[in-house]
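# Coordinates in review
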Amino acid sequence: MFSAPDDATARRMRTARAFVCTTLTLIDLAAEPIWGYAGRTLSGAVTSAQGTGWLRVVSGRPDKAHGKLWDGPKTAQELLPPVIPRPVLDDVHDWQAAGWAYRAELYQHTDATVIARSPVLEHDPALPKAWWAGLRTALDSLAKVHTERIAVREEYIRRAVPEYTGCDVGQIEWSTAHGDFHWSNLGGPDLTILDWEGWGQAPVAFDAAQLYLYSLHTPATAARVRQTLAHILDTPAARMAELTICAQVLQAADRTPFYKELAGPVKEYLDATHERMR
């Protein structure tokens, strides 16, 4: 999803990946591993005596190697029910080198293919009915999970929503969400939900609202999202989730290309839907 970082970061992360492959007796199969934002993560297929898997290496300064993002995938494996389809996390290995902390996450192989390379959908995907039914079941199940993790801070909502949407923030209803529920974190044709770094409490319908708004370039898929998740999107509580996603997109539009492309449709949706609420 992201381009390669600067040369020094790229070398450091490739060295870390090679080190952990040796440590865990893995063979690296990724000719072109996948970079995370600013080279913070490096991911790709591996194989071992147990078969094919997926290795994700995360890095950070030692004083930052803890907390929500660092522990998100591990706590998701421990706390989320099996009805929420996601790659199984088999092993976690931590180490430090040259002033950096690293975590290697080894996942079981999945046959799912990422639906889009960008978080924002540009082409209607051909997804079976079972995928859409699974989507509804997964989000309903996730919403009921008890956690003290926070995906979206209330302080952010109360500051950003008025600033970027012009709408007031009233009472916020909360439930548990993935927190980064877009098309490059979803796989098919069998539903698979990836990247559990940031899951936690968010406004009700947050994931559904994000998926809908990130589909605005593809009206047919946006309508399908709306239809499938109408039981949560077409409720008063979902308004705050939609406003929060709109604020996030508009705030980042000047520095992130895919947000810039989405800003126009989001403004149109905001004006058409929420004008009377301002």
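What comes next concerns the included structure. (Residues numbered from 1 in each chain as written. Predicted model: local features only at pLDDT ≥ 70, side-chain atom pairs only at ≥ 80, totals over all residues. Heavy atoms only, no water.)

### Some remarks on the overall build of the chain
Under the convention used in this document: Elements are defined by DSSP. Helices are runs of H or I of four residues or more, strands are runs of E of two residues or more, and each kind is numbered from the N terminus. All radius of gyration figures rest on C-alpha atoms, and the globule criterion is 2.2 Å times the number of residues raised to 0.38. Buried residues are those whose accessible area, probed at 1.4 Å on protein chains only, stays under 20% of the maximum for their type, while exposed residues exceed 50% and partly exposed ones sit between those limits.
A count of helices and strands for the chain gives nine helices and eleven strands. Taking 19 Å as the expected radius of gyration for a compact globule of 278 residues, we find that the chain reaches 19 Å, a close match to that expectation. Its C-alpha atoms give the chain principal-axis dimensions of about 60 × 40 × 35 Å. For the chain, the residues scored as buried account for 50% of the 278 residues in total.

### Re the packing of aromatic side chains
For any pair of aromatic rings, the description consists of the separation of the ring centres together with the inter-plane angle of the planes. Applicable threshold: In this analysis, rings of Phe, Tyr and Trp, with Trp reduced to its six-membered ring, are considered paired at centre separations within 6.5 Å, and the interplanar angle assigns stacked below 30 degrees, edge-to-face beyond 60, and tilted for intermediate values.
This model, assessed by the stated rule, comprises seven aromatic pairs. Measuring from ring centre to ring centre gives 6.0 Å for Trp131 and Trp183, while their planes differ by 15°; the resulting arrangement is stacked. Of the two residues, Trp131 sits in helix H3 (residues 129–143) while Trp183 sits in the loop between strand E8 (174–177) and strand E9 (186–188), which places them 52 residues apart along the sequence. Each member of the pair Trp131 and Trp183 is classed as buried.

### So, the sheet that holds E9
Within a beta sheet, neighbouring strands are joined by backbone hydrogen bonds and run either parallel or antiparallel to one another. Inclusion rule: A pair of strands is considered paired only if DSSP assigns at least 2 bridges between the two.
Ordered by their spatial adjacency, three strands build an open sheet running E7-E9-E10, and the pairing between neighbours is antiparallel. Only two strands of the sheet have a single partner each, and these edge strands are strand E7 (113–114) and strand E10 (192–193). With two bridges joining them, E7 and E9 adopt antiparallel strand pairing. Opposite Val114, over in E9, you have Gly187 as the bridge partner.

### Quick word on the nonpolar core
This is how the line gets drawn: Within this scheme, the nonpolar core is defined by two criteria: the residues are buried Ala, Val, Leu, Ile, Met, Phe, Trp, Tyr or Cys, and they are joined through side-chain atoms within 4.5 Å. Any two residues having at least one pair of non-hydrogen atoms within 4.5 Å are treated as being in contact.
Ranked by internal contacts, the top residues of the largest apolar core, which has 66 residues, are Leu135, Trp183 and Tyr214. Elements represented by at least two residues in this core include exactly H3, helix H4 (154–165), helix H5 (206–213), helix H6 (219–228), helix H7 (230–233), helix H8 (238–252) and helix H9 (257–274). If one sorts the elements of this core by residue count, H8 sits on top with ten residues. Excluding its chain neighbours within four sequence positions, the residues that come into contact with Tyr214 are Pro119, Val120, Leu121, His182, Trp183, Ile245, Val249, Tyr259 and Leu262.

### Considerations on H9
Given 3.6 residues per helical turn, the α-helix brings residues three or four places apart onto the same face. Rules: In this scheme, a helix's expected span is set at 1.5 Å multiplied by one less than its residue total. At every residue, the bend is computed as the angle between two fitted axes, covering the seven residues ending there and the seven beginning there respectively.
Taking 1.5 Å of rise per residue, 18 residues should cover 26 Å, and H9 covers 25 Å from first to last C-alpha, within 8% of that figure. At Ala263, H9 shows its largest kink, close to 40°, and the proline Pro265 lies no more than four residues downstream. If you check which residues of H9 are buried, you get Phe258, Tyr259, Leu262, Ala263, Val266, Tyr269, Leu270 and His274.

### Digging into unusual backbone geometry
Between Gly188 and Pro189 the backbone carries a cis peptide bond, its omega angle lying at 5°. Mapped onto the elements of the fold, Pro189 is located in the loop between E9 and E10. Despite not being glycine, Ala98 has its phi angle at roughly 50°, a positive value. Mapped onto the fold, Ala98 is located in the loop between strand E5 (89–97) and strand E6 (100–108).

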